[in-house]
Structure formats: C-alpha cells, structure tokens
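# What the coordinates show
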Amino acid sequence: MTIKASATIEDYLGLIYISERDGEAITGTRLAELLAVSAPTVTNTLKRMVRDGLITMDVNHSPHLTPQGDQHARTVMRRHMLAEWMLIRMLSWSKVHHEAHEFEHTISDEVETALLLDLNQPETCPHGNPMPGHEAAVASWVPLTKLHAGDCVTIRRIHELAEDIPELLAYLEEKRIEPGEKVKVVDVLPFNQTVTLDVQNSLVTLGFATAKQIFVEL
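These lines cover the structure that appears in this document, whether it is placed above or below. (Residues numbered from 1 in each chain as written. Predicted model: local features only at pLDDT ≥ 70, side-chain atom pairs only at ≥ 80, totals over all residues. Heavy atoms only, no water.)

## Digging into the pattern of salt bridges
- Counted under the stated rule, the structure contains 11 salt bridges.
- R21 is the salt-bridge partner of D22, the closest N and O atoms lying 2.9 Å from each other.
- Residue classification places D22 among the partly exposed positions, given a relative accessible area of 29%.
- With its nearest N and O atoms 2.6 Å apart, the salt bridge here joins E112 to R78. You can see E112 sitting in helix α6 (residues 109-118) and its partner R78 sitting in helix α4 (residues 67-87), a full 34 residues away along the chain. (Salt bridge = Lys/Arg side-chain N within 4 Å of Asp/Glu carboxyl O. Buried < 20%, exposed > 50% of the residue type's maximum accessible area, 1.4 Å probe, protein only. Helix = DSSP H or I, 4+ residues; strand = E, 2+ residues; numbered from the N terminus.)

## Points about the packing of helix α1 (residues 7-21) against helix α2 (residues 28-35)
- The N-to-C vectors of α1 and α2 enclose an angle of 120 degrees; their axes lie 11 Å apart at closest approach. Judged by the inter-axis angle, α1 sits oblique to α2. Here α1 and α2 pass one another in a crossing that is right-handed. Taken together, the residues of α2 that come into contact with α1 (itself represented by D11, Y12 and L15) are L31, L34 and L35.
- Residues belonging to the contact of α1 with α2 are distributed by class as follows: 5 nonpolar, no polar and 1 charged. (Axes fitted to C-alpha atoms, helices over the stretch in contact; angles between N-to-C directions. Parallel < 35°, antiparallel > 145°, perpendicular 65-115°, else oblique. Left-handed = near helix turned anticlockwise from the far one by under 90°. Contact = heavy atoms within 4.5 Å. Nonpolar A, V, L, I, M, F, W, Y, C, P; charged D, E, K, R; others polar.)

## Overview of the packing of aromatic side chains
- Evaluated as defined, the whole model comprises 0 aromatic pairs.
- Across the ring face of F215, the terminal group of R157 is positioned such that the distance to the ring centre comes to 4.7 Å. (Phe/Tyr/Trp six-rings, centres within 6.5 Å; stacked < 30°, edge-to-face > 60°. Lys NZ or Arg CZ within 6 Å of the ring centre and 35° of its normal.)

## Let's talk about the nonpolar core
- Membership of the largest hydrophobic core comes to 30 residues, with the highest contact counts inside it found for L13, I16, L31, L46, M49, I55 and L65.
- When residues of this core are traced back to their parent elements, those giving at least two are α1, α2, α3 (39-51), α4, α5 (96-103) and α6.
- Per-element tally for this core: the top contributor is α1, with 7 residues.
- Core analysis: the next-biggest nonpolar cluster, separate from the first, contains 23 residues, V153, A162, L168 and I214 among them. (Core = buried A, V, L, I, M, F, W, Y, C linked by side-chain atoms within 4.5 Å.)

## Re the pairing of strand β8 (residues 214-217)
- Here strand β3 (residues 142-143) pairs with β8 via 2 bridges, running antiparallel. Across the sheet, residue V142 finds its bridge partner in β8, namely V216.
- Summarising the sheet, strand β4 (residues 152-158) and β8 pair through 4 bridges and their orientation is antiparallel. Counterpart to T154 in the pairing with β8 is E217. (Pairing = 2+ DSSP bridges.)

## Examining the sheet that holds β8
- If you trace the 6 strands from one edge of the open sheet to the other, you get β3-β8-β4-β5-β6-β7, paired in antiparallel fashion. Each edge of the open sheet is held by one strand with a lone partner, namely β3 and β7 (202-207).
- The strands touched by helix α8 (residues 166-174) within the sheet are β4, β7 and β8, with β7 carrying the most contacts at an inclination of about 155 degrees.

## A closer look at α8
- Here α8 has its buried residues at L168, L169 and L172. Projection of α8 onto a plane perpendicular to its axis shows the buried side chains occupying an angular sector of 100 degrees, all on one side. Opposite the buried face of α8, at more than 90 degrees from it, the exposed residues are E167 and E174.
- Looking at the buried residues of α8, the elements they touch are β4, α7 (160-163), β7, α9 (208-211) and β8.
- Phi for R176, located one or two positions after α8, is positive at around 65 degrees. (Arc of directions from axis to C-beta.)

## Points about the packing of α2 against α3
- Their axes nearest at 9 Å, the elements α2 and α3 cross at an angle of 110 degrees. In terms of orientation, α2 lies roughly perpendicular with respect to α3. Our pair here, α2 against α3, has a crossing hand that is right-handed. Residues G28, L31 and A32 of α2 lie in contact with α3, whose contacting residues are A39, V42 and L46.

## What to know about the environment of M131
- With respect to the helices and strands, the residue M131 is situated in the loop between α6 and β3.
- Assessed through its relative accessible area of 1%, M131 is described here as buried.
- Separated by 80 residues in sequence, M131 and A211 place their C-alpha atoms 22 Å apart.
- Those residues in contact with M131 that lie beyond four places of it in its chain are R78, M81, L82, W85, P122, E123 and T124.

Purely spatial values, then, with no claim about function.
See below:
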C-alpha cells in the first residue's frame, strides 16, 4: 500500500523525481516557475514535505527525495504514464498528458496492476519518457542539439518538461515531430540556437530550448 499525499504534494514529488533522475538540481524558484505558484507557497509546501519525511533540504536549499518520497514519486509517475496509455486510445498524443494529470492521483493499487498487465508492462509513456525502473530503455537516445547536419534519426522522446506546455505539444504534433517519426537534420546552428529538420519533405526549425527536450535514436 502506498503512502497518502495530496495531489499538490504529488505534483512536487514528480518534479523533484524528474530532476534527480536527470541529474539536475532543482530549487524552490524553479519549482515556483514550473508549478506557476508563488515562492512563499513553495517554501511552505517544502517545509511540510520535510516534516512528513518525503524530502530533505541540502545546504543550497535544494530538495532531495527520501526513500519514502522516492517510492511515492515513482508510483505517481508510473500511474501518470499508465493513464496516458489508457487515454491515447481515445485522444491524440499531444492531449493525453494534460488529461492524465487528473487520473494519476486517483488510480488505485489494483487498477495500476491491471493496467500494467493490460498494457504488457510498457517501458515508456506515449511520449517516450521512461517508466520508473526502465531508464536504461532510453539511455542511448540523444537530444536534437547533439546532432549534425545530414544525420537521419527517429524521434523517440519528448521530455516531461516539454509535455507541460500544451501549445508546444500541439505544435510538435502538427509538424509531425512525434515518437516514431523519421527525420533528417538539415542544420544545427549554435550561433542562433536553432535546429532545422526535414520532416516528410517539410522544413521545421526549432530553438535549442525546445530541441534539447526532444530525444532521438540514430
């Protein structure tokens, strides 16, 4: 049986989990930006999470998951991704993340187990992000910003932080920059921070801020 926490606390756990998985520090300021809340709200929430044994705070005021917090965060992330797979049967891949956010907090242990069986134990979500425990499945994929002109690749993953921008997902879907799509790199221009792709004979230019959140397989 998993521990109980509010939907708000689970949102914090998910973001801290992603940052630790990716080897990146996260601050209260960054959490406030990602969650669109005030800095004092983040501070108060983090204090409650420390009190409840979900996180610790280091000398730089960055939160870190405790074993209990990590277990809960993995459950939340897994249930979110399972909800996405359930919803993609009815909705386009650019819309399931937002809708799954409502489901993830209500899925029970029994439903989670049933979904894992029904979906044949998926290793990633529909956007290509790894299920907790399956990070090795995506380890060889690289961001578009690491490529060179002439590279032919397959889009495999849209990072979770990009998923949180509905307009961006809709744009990527419109331009067919989605998991499974084969594309050719036309150019990578560090001086103006852009990557241009040939997607089914159409040119699409992305800024580095977006391109670094899109991972491909060579």
